[in-house]
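Coordinate analysis (summary)
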Amino acid sequence: MTPAVASRRLSLVAGLLGAAAAPACSRREPPPPPPAATSAAPAEDPREGAPSPVVSRVERDGLSIAFELRPLAGAGDRPAARTGATAIFTITDAATGAPARDLGPLAWMSRRTGAPPDDAVCQEKIRSFMAGLIAVHPDVDMNAYLLWTQNQDNTLSVINPQLAFTRSKLRSIVTLAASSTSLALHPDGDRLYVTLQSGRGLAIVDTRRSLVAANVPVGAEPMRVAVAPDGRTVWVGNDGDGTVSVVDARAASVLKTLRAGPGHHEFAFSGGGRTAWITSRGARTVTAVDTGTLEPVAELEVGEGAAAVAASDAAGAVYVANEARGEVVIVDAERRAVAGRAAVKAGVSAVQFAPGGRFAFALNPAKGEVSILDASVGAVAHTLAGFASPDAITFTKTYAYVRNLGESRVSLVELPSLERPGKPAVVEVQVGQQAPRAAKGGGSAAPFAVVPEGNGAIIASPADKVLYYYVEGMMAPLGTLSNYGREPRAALIEDRSLKEVQPGVYATTVQLGDEGVHDVELLLRGRRVAACLEATVAPSAVPAEDRSPGLTVEPLFDAGVDLEVSKPATLRFRAKPKASAPPLEAKEMKVMIFRFPVGFRDTVLPRAEADGVFSVTFTPPEPGQYRLLLEAESRNAPLGALPSVDLHVGSPGAAPDAGDGQ
């Protein structure tokens, strides 16, 4: 985020706080009698008989606000330092007890170092947190979201787009076993599914730890991946052998392999996720599969050339874009029968429903057109021309974002104008310097990541090797995010912010910091209310000596000898676990090498050699100072817990290879 963006956010929060009365500081109380059903806490805490958590309460501007921390299942009776917990705000009308809905809360926790904050201190802390200043940061941020990018190489970038005034926003790099083709996020946000080239199958990425948790063998040439709405299964289209692999999302194993026909496959889900629809570009049919039994329940004739599929439960319809025949096939989802065909033009290759499920957008890169179909009548309502190979689309509540593959612009189609007479309103926004097509591999199907506020998007520009942040109402992007020399092909957002899990109940999972009393700062955007509460984090149940890293690391290379640009160096080290611990395995570790203070960054998996020795190969991309860090979460050695090793890289020909010394 640029300083201009941070300034805009700071002005926003200043306005919110200025409009609100002074925030009230809370009092801590024992938990009250069980609340009425309208204000009940969420059902995340199933532990019957567990001690009730201490609740912090405050009344503010006619609202009753309660905050508590609940340990995650199996984490003990009280939220302890360095463990996960569920943070819960229960907000009701102080007079009636009715739940307070749609408040848009922002919240933070910061360890108290003195007296409880007064009104001015509380407001200032909220201003600082909203501005994203790295010098004033909370111990717990309940508003975080992370940006994941799929790159042209075998990596995923994890970027914090909310930091301001910092030189680097790159949080980590996840290295995959091969280049990726598509990705999908689990509804819980804790796992990312990535299809890989070169026969490497499906990678399952743990988003909380930013590492590959498993690789699942699937069929030949996996391309498209989709997660079922209930989050239980992952569907992988294998373009090389005409099959679809259905993977258990939790067990990371293939439940069933379905025959789907030759060519590329796409997926859509209807009936609340009870039916999966699978297209095959080389077959003449679209297949409907019961997601409970994983048995095919229908095969419908749509003609060879099906390129895309979309479903709308509101319309009770499934739309199949037939690229070769130039039509959109309309399927009655309940009867599983073809209900009609809407003529467009040959070359239509993507279709997607807008929010509400009434209007469907069909993109035709070959003709430079976008056809908008009205599901209420099953016909084309509008045809828009003037696009430069439109190939990807996403939606906010107000606009459809259409990527132009052949030009550096994004076309915004105003959704409310679709229901008005005349031509829909279109806004053209210049995004970047080069057209996406200028990148070596071109574009992808998912270059847009809609921001959690719902009023803008982060747009991947592979040719420019950056991401642009756009907010609706502006004629140009507000800022850029660097992808550090990598080409971002696709982008998605992992939202870790507070959600309204029940009426008036807002919750998220947090990772706690140090023990002690914490101030809880809360801003309710929907009511312009600021409030200060508190929470206590218990001491860790693990003795201090057991919280130290469970291994020691000894470099076996001479860090004082320069490495050489573009010349691979083998860096060996010995990693010893504690005397009573089992032997260390390579898969338990990750090695991060980054240019200090900012620049190149990569995370690799070490190779096991003999007698507790491990190695990584590092090819320096440019001269400079680098640092090597090792982490092993399973041995209580997160990133930064072990000492770093400095590496110096000289210009080509300036130094001998120092990597093989032991």
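Everything quoted here is computed from the prediction, not taken from an experiment. (Residues numbered from 1 in each chain as written. Predicted model: local features only at pLDDT ≥ 70, side-chain atom pairs only at ≥ 80, totals over all residues. Heavy atoms only, no water.)

**What about the nonpolar core?**
So the rule is basically this: Buried Ala, Val, Leu, Ile, Met, Phe, Trp, Tyr and Cys residues that are joined via side-chain atoms within 4.5 Å together make up what is termed a nonpolar core. With a 1.4 Å probe rolled over the protein chains alone, any residue whose accessible area is under 20% of its type maximum counts as buried; one over 50% counts as exposed, and the rest are partly exposed. Strands here are runs of E lasting at least two residues and helices are runs of H or I lasting at least four, both read from the DSSP assignment and numbered beginning at the N terminus. Contact between two residues is taken to exist if any of their heavy atoms lie within 4.5 Å; hydrogens are not considered.
Core analysis: the largest hydrophobic core is formed by 28 residues, its most contacted members being Ile65, Phe67, Phe89, Met109 and Met142. Elements with a contribution of two residues or more to this core: strand S4 (63-71), strand S5 (84-93), strand S6 (105-111), strand S41 (505-511), strand S42 (516-524) and strand S43 (529-537). With five residues, the single largest contributor to this core is S43. Non-local contacts of phenylalanine 89, meaning those with residues more than four positions away in its chain, are made with Ile65, Ala66, Phe67, Ala107, Met142, Leu498, Gly504, Val505, Tyr506, Val520, Leu522 and Leu533. Phe618, Ala632, Leu642 and Val645 belong to the second-largest nonpolar core, a separate cluster that totals 26 residues.

**Remarks on the pairing of strand S25 (residues 327-332)**
Regular strands show a simple pattern: their side chains alternate between the two faces of the sheet. To be explicit about the condition: For two strands to pair, DSSP has to find at least two bridges joining them.
Burial analysis of S25 places five of its six residues in the buried class, the great majority of the element. Pairing of strand S24 (residues 317-322) with S25, which is carried by six bridges, proceeds in the antiparallel orientation. What sits directly across from alanine 317, in S25, is aspartate 332. Connecting S24 to the antiparallel partner S25 that follows it, the hairpin turn spans four residues, and glycine 326 within it adopts a positive phi of roughly 65 degrees. Adjacent in sequence and paired antiparallel, S25 and strand S26 (residues 337-343) are bridged by four residues, among which arginine 336 carries a positive phi angle near 55 degrees.

**Some points on the environment of glutamate 68**
Quick reminder of the rule: Whenever two N or O atoms come within 3.5 Å, that pair is a polar contact, provided that in protein one can donate a hydrogen and the other can accept it, and provided that, for residues adjacent in sequence, both atoms are side-chain atoms.
Inspection of the secondary structure assignment puts glutamate 68 in strand S4. Glutamate 68 sits 14 residues away from valine 54 along the chain, and the two C-alpha atoms are 6.5 Å apart. Among the polar contacts listed, one links the side chain of glutamate 68 to the side chain of arginine 70, at a separation of 2.8 Å.

**So, the confidence of the model for the chain**
Close reading of the predicted structure is inappropriate where its pLDDT is low. Heads up, the rule is: As a per-residue quantity, pLDDT reports the predictor's confidence and falls between 0 and 100.
Across the chain, pLDDT averages 85, with 85% of residues at or above 70. In the predicted structure, residues 1-16 sits below a pLDDT of 50 and forms 33 contacts with residues beyond four places in sequence or in another chain. For residues 655-662, every residue scores under 50 in pLDDT, and the model assigns this stretch 24 contacts once sequence neighbours within four places are set aside.

**A closer look at the packing of aromatic side chains**
In this description, an aromatic ring pair is defined by two values, namely the gap between the centres and the angle between the planes. Convention followed: Under the pairing criterion, centres of Phe, Tyr and Trp rings, with the six-membered ring standing for Trp, must be within 6.5 Å; the plane angle then separates stacked pairs below 30 degrees from edge-to-face pairs above 60, leaving the rest tilted.
Enumeration according to the criterion identifies nine aromatic pairs in this entry. Look at phenylalanine 573 and phenylalanine 614: their rings are 6.0 Å apart centre to centre, the planes differ by 25 degrees, and that puts the pair in the stacked class. Placement of phenylalanine 573 in strand S46 (residues 569-577) and of phenylalanine 614 in strand S50 (residues 613-618) is noted, with a sequence separation of 41 residues between them. Exposure class is identical for phenylalanine 573 and phenylalanine 614. Each is buried. Their ring planes at 65 degrees and their centres at 5.4 Å tell us that phenylalanine 618 and tyrosine 626 sit as a pair that is edge-to-face. Tyrosine 626 gets classed as buried once you look at its relative accessible area, which sits at 0%. These aromatic residues form a ring-pair network of at least three members: Tyr401, Phe448 and Tyr470.

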